[in-house]
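Chains, contacts and geometry: an overview
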Amino acid sequence: MAGTPSKNRKRPGPRKQPSRGNPQKLRESRDPRHGGKATLGDWIGAARLRTLPLAVTPILIGTGAAMIVDGLFHWVLSLLCLVVSVSLQIAVNYANDYSDGIRGTDDHRVGPARLTASKKATPQAVLTAALVFFAIAAGAGLALVIHSGQWWLLLVGAACIVAAWFYTGGKRPYGYYGLGELFVFVFFGLVATVGTTFVQVLAVPQEAWFGGVGAGLLACAVLLANNLRDIDQDRAAHKRTLTVLIGRRWTRVLFTVLILVPFVISSYLALFYPVAWLTLLALLAALPAVLIVWTYRLPRELVVALSLTSLTSVAYGAFLLWAFIG
């Protein structure tokens, strides 16, 4: 005989209770980018290594331009210039992490998570890291000033630190008003390159100015790629970057111009320094970056464009150094 339905039917288990609380916070708590203590890898990531080639490029070009003047390689001075440039770049990255984090700008970042926004490190710890690297840059810069005897350079150094801090720091950060690219061009292009040449030979040949323009334009291109990636988040946070102000299409156009003009400059320099033609090899990284900017579907794809542009920059600087000393 078949069993009765009442014996074969399984009794239903207890119903699952619906989760309570804020589902958004629940998702964030499960996100590995939120919570937990920052590891060494997190701190290194927050230094944003992809941007560090931008700090190397002007030192390469400036050192090459200095060797045009006296034919000597002032390696100690070059190394001090490199310490200043790289330390400032790391300092500004930590300062941005701190300032954007406490404002809430980074709460919905597309790129790698920041220390402050993810709460993996306290704002005070991130600020301290920024101040440490500012101090390292200031110490190396002071050594350069003492060696050169040009005490007015202290004002230039102070201006660099102030510009680095107020990019996203203070009550009215200029990075929130579409001026980031201008300051990057001036300080990470012209000032860094021309300054590197001047502290070594107390003169500035025109090659340093040409090279500084090229380095500055490529640094601006990296910033554009970064801001294009974060355009929607910046709009929501009322961060009016140049990309937010001019929109995606004109950002793509401007990015392309910023990438290509440095190669026009190096082609002109190649008329006098033939090795400079080798800078065109850097287009192997530059052109894919342009292609990604014009065809990307997901914002995170622009991280690759940013990396390629940084690689373009340091290759550009290395080939110009070779051209100037060849």
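This structure is a prediction, so every number in the text was calculated from the model and none was measured.

What follows is about the overall build of the chain. A tally of regular secondary structure across the chain gives 14 helices and zero strands. The N-to-C order of helical and strand elements in the chain reads α-α-α-α-α-α-α-α-α-α-α-α-α-α. A burial count over the chain gives 48% of its 326 residues as buried. Residue pairs in contact within the chain that sit at least 24 positions apart in sequence constitute 74% of those at least 6 positions apart. As presented, the chain carries roughly 16700 Å² of accessible surface, and 68% of it is formed by carbon and sulfur atoms.

Counting through the fold element by element, Ala159 comes out in helix H8 (residues 153-165). The sequence separation of Ala159 and Phe187 amounts to 28 residues, and the corresponding C-alpha distance is 9.0 Å.

Our focus in this paragraph is unusual backbone geometry. The phi torsion at Leu202 lies on the positive side, around 55°, for a residue other than glycine. The residue Leu202 is located in the loop between helix H9 (180-201) and helix H10 (206-229) in this model. With a relative accessible area of 45%, Leu202 lands in the partly exposed category. With phi around 60°, His238 is a residue other than glycine that occupies positive phi space. Among the secondary structure elements, His238 is positioned in the loop between helix H11 (231-236) and helix H12 (242-270). By relative accessible area, which is 65% here, His238 ends up exposed.

Right, let's talk about the packing of helix H4 (residues 53-70) against H10 for a bit. Closest axis-to-axis distance for the H4/H10 pair is 9 Å, and the angle between their directions is 175°. For the element pair H4 / H10, the angle class is roughly antiparallel. For the pair H4 and H10, the contacting residues are Leu54, Thr57, Ile61, Ala65 and Ile68 in the first and Glu207, Ala208, Gly211, Ala215, Leu218, Ala219 and Val222 in the second. Of the residues contributing to the contact of H4 with H10, the split by class is nine nonpolar, two polar and one charged.

A separate point is the packing of aromatic side chains. Across all of its chains, the model carries 12 aromatic pairs by this definition. Aromatic pair Tyr167 and Tyr174: ring centres 5.8 Å apart, planes at 55°, arrangement tilted. Summarising the burial analysis for this pair, Tyr167 and Tyr174 share the class buried. Measuring from centroid to centroid gives 6.2 Å for Phe183 and Phe187, while their planes differ by 15°, and the two rings are stacked.

Counting residues in hydrophobic clusters, the biggest one holds 75 residues, and the most contacted among them are Tyr94 and Phe255. Residue contributions to this core peak at 11 residues, all from H10. Setting aside residues up to four positions removed in sequence, Tyr94 forms contacts with Trp43, Ala46, Ala47, Leu115, Val126, Ala129, Ala130 and Phe133.

Note on placement: Ser78 falls in helix H5 (residues 75-103). Exposure remark for Ser78: the relative accessible area of 7% places this residue in the buried category. Engagement of the side chain of Ser78 in a polar contact is seen with the side chain of Gln200, the distance being 3.4 Å. Other than its neighbours up to four places away in sequence, Ser78 contacts Ile59, Thr63, Phe73 and Gln200.

In this section: the confidence of the model for the chain. Summing up the model confidence of the chain, the mean pLDDT is 89 and the portion of residues at 70 or higher is 87%. When pLDDT is averaged over each element of the chain, helix H13 (residues 283-295) comes out on top at 98 and helix H2 (residues 23-30) at the bottom at 40. In this model residues 1-10 is a low-confidence stretch, pLDDT under 50, and it forms one contact with partners more than four residues away in sequence or in other chains.

What follows is about H12. In a regular helix each residue adds 1.5 Å, so 29 residues correspond to 42 Å; H12 covers only 33 Å between its end C-alpha atoms and thus falls short of that length. Its maximal kink placed at Arg248, H12 deviates by approximately 100°.

Let us look at the pattern of salt bridges. Under the definition given, this model contains four salt bridges. Between Lys120 and Asp42 there is a salt bridge, and its shortest N-O distance comes to 3.6 Å. Here Lys120 is found in the loop between helix H6 (115-118) and helix H7 (123-148), whereas its partner Asp42 is found in helix H3 (residues 40-46), with 78 residues between them in sequence. Relative accessible area serves as the criterion here: at 23%, Asp42 is assigned to the partly exposed category.

The rules behind the values
Residues numbered from 1 in each chain as written. Predicted model: local features only at pLDDT ≥ 70, side-chain atom pairs only at ≥ 80, totals over all residues. Heavy atoms only, no water. Helix = DSSP H or I, 4+ residues; strand = E, 2+ residues; numbered from the N terminus. Buried < 20%, exposed > 50% of the residue type's maximum accessible area, 1.4 Å probe, protein only. Contact = heavy atoms within 4.5 Å. Areas by Shrake-Rupley, 256 points an atom, 1.4 Å probe, with all protein chains shown as cover. Axes fitted to C-alpha atoms, helices over the stretch in contact; angles between N-to-C directions. Parallel < 35°, antiparallel > 145°, perpendicular 65-115°, else oblique. Nonpolar A, V, L, I, M, F, W, Y, C, P; charged D, E, K, R; others polar. Phe/Tyr/Trp six-rings, centres within 6.5 Å; stacked < 30°, edge-to-face > 60°. Core = buried A, V, L, I, M, F, W, Y, C linked by side-chain atoms within 4.5 Å. Polar contact = N/O pair within 3.5 Å; in protein donor to acceptor, adjacent residues only side chain to side chain. pLDDT = per-residue confidence, 0-100. Expected span 1.5 Å × (residues − 1). Bend = angle between axes of the 7 residues up to and from the residue. Salt bridge = Lys/Arg side-chain N within 4 Å of Asp/Glu carboxyl O.

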